[in-house]
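Here's the letter readout for the chains.
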Amino acid sequence: AQSVAQPEDQVNVAEGNPLTVKCTYSVSGNPYLFWYVQYPNRGLQFLLKYITGDNLVKGSYGFEAEFNKSQTSFHLKKPSALVSDSALYFCAVRALGGGADGLTFGKGTHLIIQP
Amino acid sequence: KAGVTQTPRYLIKTRGQQVTLSCSPISGHRSVSWYQQTPGQGLQFLFEYFSETQRNKGNFPGRFSGRQFSNSRSEMNVSTLELGDSALYLCASSPGTLETQYFGPGTRLLVL
């Protein structure tokens, strides 16, 4: 079975400071990793993904994520936070070879950017 | 391209009734997945369809079913509704089964 852990329910960051939202995963075989963002009363918006290649992945709105195979982590980062980044962030994993499971999501992390 | 559309956006039903939710994928996408989002359980995978065939199914009771049509549009049905079925139901489409999924706005179901 595959799983995702987002250890922080909430992350508070001052505007202009760097931010990190943590994610660790468990999957059989190689992972296919995603970050999505959800604004109130909206669906999920795709931010970025990792399949293979460079461990640092760049995505939408200035976000990036770093894949670390030995630590089974895929932390989301941004060098300078904006108030408009405040939202609910989800990490998701799927086995690269497919399998019986769809995307498995973490519980989500509320990111609050303070002006 | 237009995004994923879901209808209806809001729905109120009573226990024991059944409900059908509809999803239209992004043009050209052949895979549709459904997810249930609740405050307690978070986002949970329901099922995945590709070319009218169910490819994967999550751990939900048989009351939850779905189908996909030849134009890739999908419907999911929940029979004998329970209070615990109250949730945001999200549909996502992708070109193929192992590609990035793009989500619709969801259907918010309230069971009274």
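The sections below set out a description of the structure shown in this document. The structure presented is a predicted model; accordingly, all values stated were derived computationally and were not measured. (Residues numbered from 1 in each chain as written. Chains lettered and ligands numbered in written order. Predicted model: local features only at pLDDT ≥ 70, side-chain atom pairs only at ≥ 80, totals over all residues. Heavy atoms only, no water.)

### With respect to the overall build of chain A
1) Next: Across its full length, chain A holds 0 helices and 12 strands.
2) Next: Going from N to C terminus, chain A has its helices and strands arranged as β-β-β-β-β-β-β-β-β-β-β-β.
3) Next: For chain A, the C-alpha radius of gyration of 14 Å lies close to 13 Å, the compact-globule estimate for 115 residues.
4) Next: Across the 115 residues that make up chain A, the buried fraction comes to 47%.
5) Next: For chain A, long-range pairs separated by at least 24 residues make up 58% of all intrachain contacts whose partners lie at least 6 apart in sequence.
6) Next: Per element, the accessible surface of chain A, about 5,300 Å² overall, is 50% carbon and sulfur. (Helix = DSSP H or I, 4+ residues; strand = E, 2+ residues; numbered from the N terminus. Rg over C-alpha atoms; globule rule 2.2 N^0.38 Å. Buried < 20%, exposed > 50% of the residue type's maximum accessible area, 1.4 Å probe, protein only. Contact = heavy atoms within 4.5 Å. Areas by Shrake-Rupley, 256 points an atom, 1.4 Å probe, with all protein chains shown as cover.)

### Notes on the interface of chain B and chain A
1) Next: Tallying the contact residues gives 23 residues for chain B and 23 residues for chain A.
2) Next: In this assembly, chain B packs against chain A so that about 1,600 Å² is buried in total across both faces, 50% of it on carbon and sulfur atoms.
3) Next: Applying the counting criterion to the chain B and chain A interface returns 1 salt bridge.
4) Next: Taken together, the elements giving at least two residues each to the side of chain B that touches chain A come down to strand S4 (31-38), strand S5 (42-50), strand S6 (53-57), strand S9 (87-94) and strand S10 (102-103) of chain B.
5) Next: Here the residues of the side of chain B that touches chain A are counted per class, giving 9 nonpolar, 9 polar and 5 charged. (Buried area = accessible area lost by both parts, 1.4 Å probe. Salt bridge = Lys/Arg side-chain N within 4 Å of Asp/Glu carboxyl O. Nonpolar A, V, L, I, M, F, W, Y, C, P; charged D, E, K, R; others polar.)

### Side note on the sheet that holds strand S8 (residues 74-78) of chain B
Residues and elements named next belong to chain B.
1) Next: The antiparallel open sheet is built from 4 strands, whose spatial order is S1-S3-S8-S7. Whereas interior strands pair on both sides, the edge strands pair on one side only; in this sheet they are strand S1 (5-7) and strand S7 (64-68). When the angles between neighbouring strand axes are averaged without regard to direction, this sheet yields 20°.
2) Next: Sheet analysis places S7 next to S8, joined by 5 bridges and oriented antiparallel. Note that in S8 the partner of Gln-68 across the bridge is Ser-74. (Pairing = 2+ DSSP bridges. Axes fitted to C-alpha atoms, helices over the stretch in contact; angles between N-to-C directions.)

### Regarding the side chain of Gln-36 of chain B
All names here are of chain B.
1) Next: Locating Gln-36 in the fold gives a position in strand S4.
2) Next: Note on Gln-36: relative accessible area 5%, which makes it buried.
3) Next: At 3.0 Å, the side chain of Gln-36 and the side chain of Tyr-89 are in polar contact.
4) Next: Gln-36 has contacts with Gly-42, Leu-43, Gln-44, Leu-46, Phe-60, Phe-64, Gly-84, Asp-85, Ala-87, Leu-88 and Tyr-89, leaving out every residue within four places of it along the chain. (Polar contact = N/O pair within 3.5 Å; in protein donor to acceptor, adjacent residues only side chain to side chain.)

### Some details on the environment of His-75 of chain A
All names here are of chain A.
1) Next: Within the secondary structure layout, His-75 lies in strand S9 (residues 73-78).
2) Next: Each C-alpha atom of the pair His-75 and Tyr-50 lies 11 Å from the other, and the pair is 25 residues apart in sequence.
3) Next: Setting aside its immediate chain neighbours within four residues, His-75 contacts Thr-20, Val-21, Lys-22, Cys-23, Trp-35, Glu-64, Ala-65 and Glu-66.
4) Next: One polar contact links the side chain of His-75 to the main-chain amide nitrogen of Cys-23, over a distance of 3.0 Å.

### Points about the nonpolar core
1) Next: Counting residues in each nonpolar core, the largest one holds 28 residues, and the members touching the most others are Leu-19, Trp-35, Leu-47, Leu-48, Phe-74, Leu-76 and Tyr-89 of chain A.
2) Next: Of all the secondary structure elements, the ones that give two or more residues to this core are strand S2 (10-14), strand S3 (19-21), strand S5 (31-38), strand S6 (44-50), strand S8 (64-68), S9, strand S10 (87-95) and strand S12 (109-114) of chain A.
3) Next: If one sorts the elements of this core by residue count, S10 of chain A sits on top with 5 residues.
4) Next: With 21 residues, the next largest nonpolar core counts Leu-21, Trp-34, Tyr-89 and Leu-109 of chain B among its residues. (Core = buried A, V, L, I, M, F, W, Y, C linked by side-chain atoms within 4.5 Å.)

### Brief notes about the state of the cysteines
All names here are of chain A.
1) Next: Tallied over the full model, the rule gives 2 disulfides over all chains.
2) Next: Disulfide pairing places Cys-23 opposite Cys-91 at an S-S distance of 2.0 Å. Disulfide Cys-23-Cys-91: torsion about the S-S bond near -60°, hence left-handed. With Cys-23 in the loop between S3 and strand S4 (24-26) and Cys-91 in strand S10, this residue pair connects regions lying 68 residues apart in the sequence. (Disulfide = S-S within 2.5 Å.)

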